[in-house]
Amino acid sequence: MAIKVEVFSTNSCPHCPAAIDAAQKAKDKLGDAIDVEVLKIDENKDNYQRAIDYQIMAVPTIVINGDVVFVGAPTDSELIEKLESML
């Protein structure tokens, strides 16, 4: 079963593109081992509610398999290393 990576972001966040980019690079490297979903909380009420459910107070936040793992944008290598440790 693939590792679920959720990237919570907003359109106005200056750090969110780096978190989304790190997640995409992880997907490029790890392929089907991970499932990446980018959730814009300012565009969709369901995404906003999911952020509340995870008690997210800041973006970007990366949730892996239901656990908040990174608040702020990790480097590509930090995210990939974390995901590889879970495989």
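Scroll up to find the structure.
Residues numbered from 1 in each chain as written. Predicted model: local features only at pLDDT ≥ 70, side-chain atom pairs only at ≥ 80, totals over all residues. Heavy atoms only, no water.

## With respect to the side chain of Thr 10
The condition is simple: Secondary structure elements follow DSSP: runs of H or I no shorter than four residues count as helices, runs of E no shorter than two count as strands, and numbering proceeds from the N terminus. Using a 1.4 Å probe on the protein chains alone, a residue whose accessible area is under 20% of its type maximum counts as buried, one over 50% counts as exposed, and one in between counts as partly exposed. N or O atoms within 3.5 Å of each other form a polar contact, as long as, within protein, one can give a hydrogen and the other can take it, and as long as residues adjacent in sequence are counted only when both atoms are side-chain atoms. Note on contacts: a residue pair qualifies if any of its non-hydrogen atoms lie within 4.5 Å across the two residues.
Note that Thr 10 resides in the loop between strand E1 (3–9) and helix H1 (16–30). Residue Thr 10 is classed as buried on the basis of its relative accessible area, which comes to 13%. From its side chain, Thr 10 meets the backbone nitrogen of Cys 13 in a polar contact 3.3 Å long. With near-sequence residues (within four places) excluded, Thr 10 lies in contact with Cys 16, Lys 40, Ile 41, Asp 42 and Val 59.

## Overview of H1
The following threshold applies: Take the number of residues in a helix, subtract one, and multiply by 1.5 Å to get its expected span.
If you check H1, its first and last C-alpha atoms are 21 Å apart, about what 15 residues at 1.5 Å a residue would give, namely 21 Å. Its buried side turned inward, H1 meets E1, strand E2 (34–40), strand E3 (61–64) and helix H3 (76–86). Of the residues one or two after H1, Gly 31 is the one with positive phi, at around 60°.

## Considerations on the environment of Leu 39
When you line up the elements, Leu 39 lands in strand E2. When the C-alpha atoms of Leu 39 and Thr 75 are compared, they prove to be 19 Å apart, with 36 residues separating the residues in sequence. Residues within four places of Leu 39 in sequence aside, it is in contact with Glu 6, Val 7, Phe 8, Ser 9, Asn 47 and Arg 50.

## Structural notes on the environment of Tyr 54
By the element assignment, Tyr 54 lies in the loop between helix H2 (45–53) and E3. On a C-alpha basis, the gap between Tyr 54 and Lys 27 in space is 23 Å, while along the polypeptide they are 27 residues apart. In contact with Tyr 54, other than residues within four places in its own chain, are Glu 6, Phe 8, Val 63, Gly 66 and Val 68.

So far we have only geometry, and geometry alone does not tell us how the molecule works.
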